[in-house]
Amino acid sequence: MEKKKHFLSWYFDANLLVRILIGLVLGAIVGLMLGSNLAGAELGKVLNVIRPFGDLFIRLLWMIMVPVIFSTLVVGAASISPSKLGKTGGTIFLVYVFSSFIAVAFGLAFAFLFQPHVAIAASAVEGAASQTRAVQSLSVTLLNIVPQNIVNAVLHSPNLLGIIFFTLCFGTSLSVLRASSNERTRNSAEAVFNVFDGIAEVMIKMVSAIMQYAPIGVFALICVVFATSGPAVIGGLAVALAAYFSAWAAYIIIWYLLICTKLIAGLPVFPFIYKVKEAFFTAFVTRSSAATLPITLECAEKAGIPKDIRSFAIPLGATINMDGTAIYQGTAIVFVALSIGHVLTGADLATIMIMATLAAIGAAGVPGAGVIMLLMVMAQIGLTPEAGTATAAAYAMILGIDALMDIGRTSANVIGDIVYVSMIGRRQGWLEMDKWGK
Ligand code: ASP
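Residues numbered from 1 in each chain as written. Predicted model: local features only at pLDDT ≥ 70, side-chain atom pairs only at ≥ 80, totals over all residues. Heavy atoms only, no water.

Examining the nonpolar core
Where a protein is soluble and globular, its nonpolar side chains tend to be buried together. Phe57, Leu61, Met376 and Tyr395 are the most contacted members of the largest nonpolar core, which totals 132 residues. Those residues in contact with Met376, other than ones at most four positions away along the chain, are Met65, Ile69, Leu160, Ile164, Met355, Leu358 and Ala359. (Core = buried A, V, L, I, M, F, W, Y, C linked by side-chain atoms within 4.5 Å. Buried < 20%, exposed > 50% of the residue type's maximum accessible area, 1.4 Å probe, protein only. Contact = heavy atoms within 4.5 Å.)

Some words on the side chain of Ser71
With respect to the element layout, Ser71 can be found in helix α3 (residues 40-78). Of the polar contacts made by the side chain of Ser71, one reaches the backbone oxygen of Pro67; its length is 2.8 Å. (Helix = DSSP H or I, 4+ residues; strand = E, 2+ residues; numbered from the N terminus. Polar contact = N/O pair within 3.5 Å; in protein donor to acceptor, adjacent residues only side chain to side chain.)

Examining the pattern of salt bridges
Enumeration over the complete set of coordinates arrives at eight salt bridges. The shortest N-O distance in the salt bridge between Glu301 and Arg310 comes to 3.8 Å. One continuous salt-bridge network, built from bridges that share partners, spans Arg287, Asp402, Asp406 and Arg409. (Salt bridge = Lys/Arg side-chain N within 4 Å of Asp/Glu carboxyl O.)

Focus on helix α17 (residues 402-428)
With 27 residues, α17 ought to run about 39 Å at 1.5 Å a step, and its terminal C-alpha atoms sit 38 Å apart, in line with that. Along α17, 23 of the 27 residues are buried, which leaves the element largely enclosed by surrounding structure. Backbone geometry just after α17 places Gly429 at a positive phi near 85 degrees. (Expected span 1.5 Å × (residues − 1).)

Description of the site of the ligand
Taken together, 16 residues lie near the ligand, and Ser289, Thr325, Gly370, Asp406 and Arg409 sit nearest. One of the backbone nitrogen or oxygen atoms of Val366 is found 3.1 Å away from a nitrogen atom of the ligand. Against a free-state accessible area of 270 Å², the protein chains account for coverage of 100% of the ligand. Those elements that place two or more of their residues in the shell around the ligand are α15 (369-380) and α17. Top element by residues in the shell around the ligand is α17. It accounts for four residues. Across the shell around the ligand, the residue classes break down as five nonpolar, eight polar and three charged. (Near = heavy atom within 4 Å. Areas by Shrake-Rupley, 256 points an atom, 1.4 Å probe, with all protein chains shown as cover. Nonpolar A, V, L, I, M, F, W, Y, C, P; charged D, E, K, R; others polar.)

Overview of helix α10 (residues 269-286)
If you check α10, its first and last C-alpha atoms are 25 Å apart, about what 18 residues at 1.5 Å a residue would give, namely 26 Å. The largest bend in α10 is about 50 degrees, located at Val276. Listing the buried residues of α10 in full gives Val269, Phe272, Lys275, Val276, Ala279, Phe280 and Ala283. Buried residues along α10 sit in contact with α9 (232-264), α11 (289-302) and α17. (Bend = angle between axes of the 7 residues up to and from the residue.)

Here we look at the confidence of the model for the protein chain
Low-pLDDT stretches of the model should not have their predicted coordinates read in fine detail. Confidence in the prediction for the protein chain averages 86 pLDDT; 93% of positions are at 70 or higher. The low-confidence segment residues 122-134, where pLDDT is below 50, has 22 contacts with residues more than four positions distant or belonging to other chains. (pLDDT = per-residue confidence, 0-100.)

Describing a nonpolar patch on the surface
Residues Val18, Ile22, Val25, Leu26, Ile29 and Met33 make up a contiguous nonpolar surface patch of about 530 Å² in total accessible area. For Val25, the position within the fold is in helix α2 (residues 16-37). For Val25, a relative accessible area of 47% puts it in the partly exposed group. (Patch = residues over 30% accessible without salt bridge, like charges linked within 9 Å, V, L, I, M, F, W, Y side chains within 5 Å.)

Below, the structure written as structure tokens:
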């Protein structure tokens with residue numbers, strides 16, 4: 001049946017990535033033109049009209065953050081069946097989680113090397129003072145992971161680590177009950193799981209609806225930034241992209257290919273690249289690990305990962321193993337901190353390592369999930385993008401170029417699953433070596 005056309009079809013039918021990039025470029029051009037032709041009160045008036053469209057985008061992302069974390073993490077944790085977990089599953093799970101720490105470290109290291117930042121124009125900085133927050137000691141940060149009251153943790157300036165901790169406990173308990181020998185318990189656990197699974201689906205639908213607004217939001221955010229800060233911003237954003245993609249390339253070449261594939265697994269690098277290329281490019285264009293899943297499964301088969309393992313490990317990886325997202329968190333948070341002049345302390349860095357890893361685990365495999373999770377990492381070190389603050393301006397800039405970063409994130413995310421599972425399979429002796437001509 002032919003789809004009915006309505007007056008906005010031209011907008012919704014066009015490819016989202018292309019629309020976002022058009023929003024980005026137009027925003028920059030209009031912003032630069034406004035900045036060079038208007039000044040003072042006149043410029044302020046025009047920007048006051050444009051600014052709310054960008055603030056709306058940030059608010060929408062902020063609104064959806066806690067429900068997304070809660071529902072997708074519960075489903076992720078509850079999907080790990082304890083019986084399947086065994087030795088192989090346990091190892092896969094641990095490698096998925098610990099590799100994220102290494103990925104965040106790559107992101108941070110390259111960010112410190114490149115020092116990506118954009119000096120935020122004075123007009124945007126009014127709220128900067130509100131960001132200075134009492135520095136918490138590491139022990140307090142760690143203790144705060146366990147919320148005293150989960151309702152308070154959700155309602156009052158969300159204690160995100162607390163929410164995540166509770167969610168993981170909840171999801172893990174649910175996964176144990178889903179495998180219970182008591183039929184009644186199993187059925188009720190299954191019902192609870194289905195509810196959360198449904199909520200997670202609704203959240204993902206909401207994220208994709210919000211993303212339809214992204215081109216307009218990005219246009220407004222970038223326009224304001226360019227109008228107030230001028231062309232100097234281009235350099236800063238280019239350095240942010242260079243920092244991220246250098247970390248991304250180094251991670252793929254050094255960590256994925258040389259260390260994991262060649263050194264630990266003893267597999268030949270070029271045939272490996274050949275086997276995973278479809279997943280890599282599909283992720284590039286879809287910017288969604290979830291949408292790439294069927295292709296990732298095919299590539300996993302080509303890499304010799306047996307059916308019973310890949311049917312469990314690859315969907316799990318698409319949900320919790322996101323090294324590209326972890327690298328991004330490290331780079332993006334340094335960009336935001338440097339741009340607003342927030343000095344990152346040792347405790348901040350420790351918090352970032354933990355939160356960015358959790359962000360990578362908690363990010364849903366859909367376009368733009370990573371930048372929602374960045375809000376959570378930022379919040380944990382006291383950076384909240386309230387309208388008009390320097391933090392909001394810095395977040396707006398990174399949000400403006402998010403579609404480009406997401407291409408890198410997603411492609412690294414999907415091939416990571418195949419890299420780790422085949423590496424473990426090779427070490428444990430179950431990788432099908434006939435697929436490698438051996
Ligand atoms: N788009 C990414 C993925 O699907 C998630 C993210 O935004 O970081 O893997």
